[in-house]
Protein chains: 2
Amino acid sequence: MDNTEITIHDIAEILGINSSTVSRALNNSPRVAQKTKDKILEKATELGYQRNDLASNLRKSKTFTLGVIVPRISRHFFASAIAGIEETAFKEGYNVIICQSLESLEREQRIINTLLANRVDGVLISISMETKNDDHLFGLKQRNIPYVFFDRHCNTSINSKVVIDDFEAAFRATEHLIQQKSTVIAHFSGPQNLEIYKNRFKGYKAALEKYSIPFKEELVISSSLMEHDGEENVKKMLSLPYKVNGLFCANDVVAIGAIQYLKKVQIKMPDDIAIVGFSNETISSVIEPALTTINQSGLEIGTVATNLLINKISNASNKNIDETIIVKTNLIERKSSLREVN
Amino acid sequence: MDNTEITIHDIAEILGINSSTVSRALNNSPRVAQKTKDKILEKATELGYQRNDLASNLRKSKTFTLGVIVPRISRHFFASAIAGIEETAFKEGYNVIICQSLESLEREQRIINTLLANRVDGVLISISMETKNDDHLFGLKQRNIPYVFFDRHCNTSINSKVVIDDFEAAFRATEHLIQQKSTVIAHFSGPQNLEIYKNRFKGYKAALEKYSIPFKEELVISSSLMEHDGEENVKKMLSLPYKVNGLFCANDVVAIGAIQYLKKVQIKMPDDIAIVGFSNETISSVIEPALTTINQSGLEIGTVATNLLINKISNASNKNIDETIIVKTNLIERKSSLREVN
DNA sequence: TATCAAAATACAATCGATTGTATTTTGATA
DNA sequence: TATCAAAATACAATCGATTGTATTTTGATA
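Residues numbered from 1 in each chain as written. Chains lettered and ligands numbered in written order. Predicted model: local features only at pLDDT ≥ 70, side-chain atom pairs only at ≥ 80, totals over all residues.

Enquirer: Looking at this structure, I do not really get the packing of helix H2 (residues 19–26) of chain B against helix H3 (residues 34–47) of chain B. What am I missing?
Expert: Think of two packed helices as two axes; the pair is described by the angle between the axes and how far apart they sit. All names here are of chain B. In the contact formed by H2 and H3, the axes pass within 9 Å of each other and the chain directions differ by 90 degrees. The angle between the axes of H2 and H3 places the two elements in the roughly perpendicular class. Contacts from Thr21, Val22, Ala25 and Leu26 in H2 reach Thr36, Lys37, Ile40, Leu41 and Ala44 in H3. (Axes fitted to C-alpha atoms, helices over the stretch in contact; angles between N-to-C directions. Helix = DSSP H or I, 4+ residues; strand = E, 2+ residues; numbered from the N terminus. Parallel < 35°, antiparallel > 145°, perpendicular 65-115°, else oblique. Contact = placed C-beta atoms within 7 Å.)

Spelled out as structure tokens, the structure:
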């Protein structure tokens, strides 16, 4: 209840020794005799001493803190990624400051400033839908603070990142639809300033090309990929003069919105239309029909990204090496796309 | 690229004024002339000055940082709560350090120590399944650092907390099953050292009593409420010499596990057995049959808890007042429990 | 222009820990 | 017991910002 924090100086005074020795003893330095260490440790425990990391960090100019910026914590993929980040960081003795951009560039900029003021040792970032380039990361570059993109990244300059091969995964997803006898395949796409959605679109297009299916501009419907966009997109799609029988969605959320609306209007899946999503949200295995999707482990991406970042922080020589790590994905085939014909 | 951080001393030297004036100018103190402020601000911007919050916080012994401890970030309820916490904290100028106990008391203790060392201004905590009391929060009490429980709390001493009325919600859930003509009602319960599960069990029991349905010990099956527990629990339940036709689950996750196994063994819901869960996970509206459940807004609980905590931090007079805020819940009726008879 | 209160700025200590260097202590050896 | 290297400890500066007090500057007034 007393307001006075116990400091190394208090311990030093009580024991009649110098605070530098107390500091070294508490950090288990070989420069302090074991007998003295014991004495100091005992007194520290007795007084309930708790090091002030602010002072320590200031002196060492090292905070053992990582900044994390995600669009939205409550999205399952990001929550998993954060879980992986926190666990890995904790294991290595790092704390984690979590911030959400809520898809706003302006908020992302403010967050960067806060993280700079807090002198984080490194930053993990998955950019907002509004972010077009990495100009706002200038402060990090200037101060030589390492940062690593994960999942959503910028392609406007070379940076370290942990991503999946969106092109390849989208290609495989679309190819799967074709193998399931889909002949007219629509694509619900995301904001094209984000690399990941651009690449998913390219993968879709490439698969059509490989199988000589004509690409139709109108069959690509862009949105923010929210659940309610699913219904809107399906309405647009049904109004087109095509008999669409395959649908590749750039994420599961919009796919689930689509499935629910298609059920309402009595269109049969997979017979009338086969559907593939992207991300393997928890819901996707539970919805009926269960959604075929690309499995992308947030936990693994978070873990790998954190290890990469901590490696950059610890090894000055790795600081300026830009590395891209591609985390494996796989297609999970479920009822939404598996036709009897097979 | 230069290693030298710009400090107020650098700015002071360049402009030939004292660093205290620079500090006051940057903090917009009335003690500095506007002309001088302009000069200093311009130079600060030019040099890309960024205040060192470590030094500032050390001097002010105030960090504008909140510690948050949850069992697991990737659980939807906690992810939503964190989203609410982060958003509210950010609005009030606080940072948030997020930690997960992974249901381990030992980890929870270590986290508390880290948060103490980082001199957080306050702590929000939802305890692990292993935590039986609040002994490990002693360091917080000793240093007079305010903390607020949310959702999972201790009842071993008086504390501030933001919770729902688990008893009342469980009562309503069970009552609903009874109104839907369930006569033999099982309960999948959670660890009884957690108040929330204890109260959900009590609510279940009280509802049976009110409607004169005999309470049977064997119909209460406890577990950690994971998805795979759902299957295990159902197997146990089916082996009992009762024809169970109603099931109240202490959370949605175990309910979903149960539903999936019941579908597999061809038991009809809600006709053979009506089911109610607890928490309203995202999955629950999507599974078939859609799960009737208690809606509990993580976002709201997180927001309310953060406001309560910041209020304690800011108003010394509120620091020692223990307050319990009860956030409203509601029963969402879906197909898993709605019988034709109605 | 001298005076003086108010305004503006400078000085210096401080937050608590760390760390390079200086000094003291220890204990083996002659 | 005197000597001396090694071991142990003390001294003092430092990280960068804040803040109470002292000093200087400003500008209105006589």
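Next, the rest of the story.
Enquirer: How should I be thinking about the protein's contact with DNA strand D in this particular structure?
Expert: In the region of DNA strand D, 28 residues are neighbours, and Asn18 and Ser20 of chain A together with Thr7, Ser20 and Ala55 of chain B sit closest. For the surface near DNA strand D, the elements supplying multiple residues, two or more each, are helix H2 (19–26) and helix H4 (53–60) of chain A together with helix H1 (8–15), H2 and helix H4 (53–60) of chain B. Of the residues contributing to the surface near DNA strand D, the split by class is 8 nonpolar, 13 polar and 7 charged. (Near = placed C-beta within 6 Å. Nonpolar A, V, L, I, M, F, W, Y, C, P; charged D, E, K, R; others polar.)

Enquirer: Can you help me understand the relation of the copies chain B and chain A in this one?
Expert: Each of the two chain copies goes to the other by way of a rotation about an axis and a shift along it. Mapping chain B onto chain A is achieved by rotating through 180 degrees and translating by 0.1 Å along the same axis, at an RMSD of 0.1 Å. In the structure described here, the two chain copies are related by an operation that fits a two-fold rotation axis. Mapped onto chain A, 100% of the interface residues of chain B again fall at the interface, so both copies present the same surface. (Least-squares fit on C-alpha atoms with pLDDT ≥ 70 in both.)

Enquirer: Sorry if this is basic, but what is going on with the pairing of strand E2 (residues 95–100) of chain B here?
Expert: Residues and elements named next belong to chain B. Taken across its 6 residues, E2 has 6 buried, putting it largely inside the fold. Judged by which residues are buried, E2 turns out to be covered on both faces: Asn95, Ile97 and Cys99 on one side and Val96, Ile98 and Gln100 on the other are all buried. Each parallel crossover has a hand, and the one from strand E1 (residues 65–70) via helix H5 (residues 76–91) to E2 is right-handed. (Buried ≥ 20, exposed ≤ 12 C-beta atoms within 10 Å, placed from the backbone. Right-handed = clockwise from strand over helix to strand, strands pointing away.)

Enquirer: Looking at this model, I keep getting lost on unusual backbone geometry. Mind explaining?
Expert: Negative phi characterises most residues that are not glycine, and trans characterises most peptide bonds. The peptide bond linking methionine 269 of chain A to proline 270 of chain A adopts the cis configuration, its omega dihedral lying at 5 degrees. As for its position among the elements, proline 270 of chain A is in the loop between helix H11 (252–264) and strand E9 (274–276). A cis amide bond, omega -5 degrees, links glutamate 288 of chain A with the succeeding residue proline 289 of chain A. Positionally, proline 289 of chain A belongs in the loop between E9 and strand E10 (293–295). Phi angles above zero are rare outside glycine, and serine 61 of chain B is one such case at about 40 degrees. In this fold, serine 61 of chain B is placed in the loop between H4 and E1. For serine 61 of chain B, a count of 12 C-beta atoms within 10 Å puts it in the exposed group.

Enquirer: Mind showing me how you'd approach the sheet that holds strand E8 (residues 246–249) of chain A here?
Expert: In a beta sheet, neighbouring strands pair by backbone hydrogen bonds and run either parallel or antiparallel. Residue and element names in this part refer to chain A. Spatially, E7-E6-E8-E9 is the arrangement adopted by the 4 strands of the open sheet, whose pairing is parallel. Across the chains shown, the open sheet's two edge strands, defined by having one partner strand only, are strand E7 (220–222) and E9. Strand after strand, the sheet turns through a mean of 15 degrees between neighbouring axes, direction not considered. Against the sheet, helix H9 (residues 195–210) engages strand E6 (185–189), E7 and E8, with an angle of about 170 degrees to E6. (Pairing = 2+ DSSP bridges.)

Enquirer: So what exactly am I meant to see when it comes to the environment of isoleucine 17 of chain B here?
Expert: Residue and element names in this part refer to chain B. Structurally, isoleucine 17 can be placed in the loop between H1 and H2. For isoleucine 17, a count of 16 C-beta atoms within 10 Å gives the class partly exposed. Sequence-wise, isoleucine 17 and asparagine 315 are 298 residues apart; in three dimensions their C-alpha atoms are separated by 37 Å. Other than its neighbours up to four places away in sequence, isoleucine 17 contacts Ala12 and Val22.

Enquirer: Would you take a moment to explain the sheet that holds strand E8 (residues 246–249) of chain B for this structure?
Expert: Residues and elements named next belong to chain B. Spatially, E7-E6-E8-E9 is the arrangement adopted by the 4 strands of the open sheet, whose pairing is parallel. Edge positions in the sheet fall to strand E7 (220–222) and strand E9 (274–276), since each has one partner strand and no second. Each strand of the sheet is rotated relative to its neighbour by a mean of 15 degrees, with strand direction disregarded. Sheet topology note: the strand E6 (residues 185–189)/E8 ladder contains 4 bridges and is parallel. Counterpart to phenylalanine 188 in the pairing with E8 is cysteine 249. Most of the contacts of helix H9 (residues 195–210) go to E6, to which it runs at about 170 degrees, and overall it touches E6, E7 and E8.

Enquirer: In this structure, what is going on with the protein's contact with DNA strand C? I would like to understand it.
Expert: Looking at DNA strand C, there are 28 residues lining it, with Thr7, Ser20 and Ala55 of chain A together with Asn18 and Ser20 of chain B nearest. Every element with two or more residues in the surface near DNA strand C is listed here: helix H1 (8–15), H2 and H4 of chain A together with H2 and H4 of chain B. For the surface near DNA strand C, a count of residues per class yields 8 nonpolar, 13 polar and 7 charged.

Enquirer: For this particular structure, what's the right way to read helix H12 (residues 298–314) of chain A?
Expert: Residues and elements named next belong to chain A. For H12, built from 17 residues, the straight-helix expectation of 24 Å at 1.5 Å per residue is met to within 8% by its first-to-last C-alpha distance of 24 Å. The buried fraction of H12 amounts to 12 of the 17 residues, a majority that puts the element mostly inside the structure. What H12 keeps buried is the set Gly298, Ile301, Gly302, Thr303, Val304, Ala305, Thr306, Leu308, Leu309, Ile310, Lys312 and Ile313. The inward-facing, buried residues of H12 contact strand E1 (65–70), helix H5 (76–91), strand E3 (122–125), strand E4 (147–150), strand E5 (161–163) and strand E11 (324–326). (Expected span 1.5 Å × (residues − 1).)

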